[in-house]
Amino acid sequence: MTGEQVPGVPVPDSVPEVQVRDLTDEEIMERAKQINEAREIERQEELKRAEAVRKAEEERKAAEIRRAEEIHRAEEAQKAAKIAEAEHLKKLEEEKKAEELKRAREMVREDDAKRAAEEKAAQPKKRHTGLKIFLVILVLLLIALGITIASHGVTNDVISSTATLPYQTTYNIWLPQGETTVAGMTFTAVGDDNSVKLSIPGLPTQTLYKGQTTAPISHKMTLTLLWGAWKVMDINYSAELTYKGLTSENLLAFGAVIKTDRQIPEWLLNIGLSLSKIQYSKA
């Protein structure tokens, strides 16, 4: 058996072949130890080389992963930028449409206002109707002749079944206890803060509690002058009274809704109410 080279020990140019049988046991054991050490050193070197290869491979993979992540982030950023740009363009388009709609509405309003002004300017001025002229004459007659509208100049009849009452006025009125005459109709009202007893011509006597409303009191009123010699007008009307209670002055408070078949000047209604000597205010 020839000898083996020991790592780290220079080999001479000529090594005489040594037979194992020429070595002692101690020399054989020492030789085996050297061989094992050499093999361990070689194994460690191989492990180092394998670890270096593994680390290099891991670094390569990590670099590839980093590059892939960077590419992904760049793509996501590019997508986000495109989405943001699309939203910005959409917002600009919506703002543009809203502004155009606003301008269109302003143009329509201006055109409508212009047309209305032109139509108003083209319309002839309203003239006094025959009723207004007549009422002016009526006032002059009342002043000149000293004639007042009294019970003998106002009569009440049953309203026509076909009459319509499109005009409405609402009043607050305060009646004294006892008998009262309004528009040629005399009725009696007596009560306290909780209820009132009403006696109205053409209707049965009724007790009206606070908050309750009478059935419609419907009549045709004929207004005359010169002690009934001159008929002025017929007025179909309906009145509803809602009891509100007793005041501290012992007056009976009502809400009154008056409906008529023609437009009655407010001053004429005020004259009719004031002649009845009741307190009132327009609601």
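Before going into details, it helps to say that this report is about the structure given with it. On a predicted model such as this, the values are computed, not experimentally measured, just so you know. (Residues numbered from 1 in each chain as written. Predicted model: local features only at pLDDT ≥ 70, side-chain atom pairs only at ≥ 80, totals over all residues. Heavy atoms only, no water.)

### With respect to the overall build of the chain
The helix and strand inventory of the chain stands at three helices and 10 strands. Ordering the α and β elements of the chain from the N terminus gives α-α-β-β-β-β-β-β-β-β-β-α-β. Across the 283 residues of the chain, 20% fall into the buried class. Partitioning the contacts of the chain with sequence separation of at least 6, the portion at a separation of at least 24 is 60%. Accessible area of the chain: about 20600 Å², with a carbon and sulfur share of 56%. (Helix = DSSP H or I, 4+ residues; strand = E, 2+ residues; numbered from the N terminus. Buried < 20%, exposed > 50% of the residue type's maximum accessible area, 1.4 Å probe, protein only. Contact = heavy atoms within 4.5 Å. Areas by Shrake-Rupley, 256 points an atom, 1.4 Å probe, with all protein chains shown as cover.)

### Some remarks on the side chain of N236
Tracing the backbone through its elements, the reader meets N236 in strand 8 (residues 230–246). Within the structure, N236 has its side chain in polar contact with the side chain of D261 (distance 3.0 Å). (Polar contact = N/O pair within 3.5 Å; in protein donor to acceptor, adjacent residues only side chain to side chain.)

### Remarks on the pairing of strand 5 (residues 195–199)
Each regular strand carries side chains that alternate between the two faces of the sheet. Bridging between strand 4 (residues 185–191) and strand 5 involves four bridges; their strand directions are antiparallel. Counted as the bridge partner of G191 is V196 from strand 5. Relative to strand 6 (residues 206–209), strand 5 is paired through four bridges, and the arrangement is antiparallel. Opposite S195, over in strand 6, you have Y209 as the bridge partner. (Pairing = 2+ DSSP bridges.)

### Some words on the nonpolar core
Counting 20 residues, the largest nonpolar core has I173, L175, V196, L198 and F254 as its most contacted members. Broken down by secondary-structure element, the contributors of at least two residues to this core are strand 2 (167–175), strand 4, strand 5, strand 8 and strand 9 (252–260). Among the elements that take part in this core, strand 9 stands out by supplying four residues, more than any other. Ignoring anything within four residues of it in the chain, the contact list for F254 reads Y171, N172, I173, L175, V196, L198, L208, L241, T242, Y243 and K244. (Core = buried A, V, L, I, M, F, W, Y, C linked by side-chain atoms within 4.5 Å.)

### Some remarks on the packing of aromatic side chains
Applying the stated rule across the entire model yields two aromatic pairs. Summarising the aromatic geometry, the rings of Y171 and Y280 are spaced 6.0 Å apart at their centres and angled 70° between planes, so their arrangement reads as edge-to-face. Highlighted residues: Y171 in strand 2 and Y280 in strand 10 (residues 279–282), separated in sequence by 109 residues. On the accessibility criterion, Y280 (28% relative accessible area) is partly exposed. Between Y243 and F254 the ring centres are 5.3 Å apart and the planes differ by 55°, which places this aromatic pair in the tilted class. Residue Y243 is located in strand 8, and its partner F254 is located in strand 9; the two are separated by 11 residues in the primary sequence. On the basis of relative accessible area, F254 is assigned to the buried category, the value being 1%. (Phe/Tyr/Trp six-rings, centres within 6.5 Å; stacked < 30°, edge-to-face > 60°.)

### Concerning the pattern of salt bridges
Inspection of the entire model under this criterion finds eight salt bridges. Note that E40 is salt-bridged to R43, the shortest N-O span being 2.6 Å. Of this pair, E40 and R43 are both found in helix 1 (residues 25–122), three residues apart, which corresponds to roughly one turn of the helix. By relative accessible area, which is 35% here, E40 ends up partly exposed. Assessed through its relative accessible area of 40%, R43 is described here as partly exposed. Of the charged contacts, one joins R60 and E64 as a salt bridge, the two residues approaching to 2.5 Å between their closest N and O atoms. Of this pair, R60 and E64 both sit in helix 1, separated by four residues, roughly a single helical turn. (Salt bridge = Lys/Arg side-chain N within 4 Å of Asp/Glu carboxyl O.)

### Structural notes on unusual backbone geometry
Of note in this structure, N250 is not a glycine but carries a positive phi near 65°. Tracing the backbone through its elements, the reader meets N250 in the loop between strand 8 and strand 9. By relative accessible area, which is 41% here, N250 ends up partly exposed.

On their own, these measurements won't tell you what the molecule is for.
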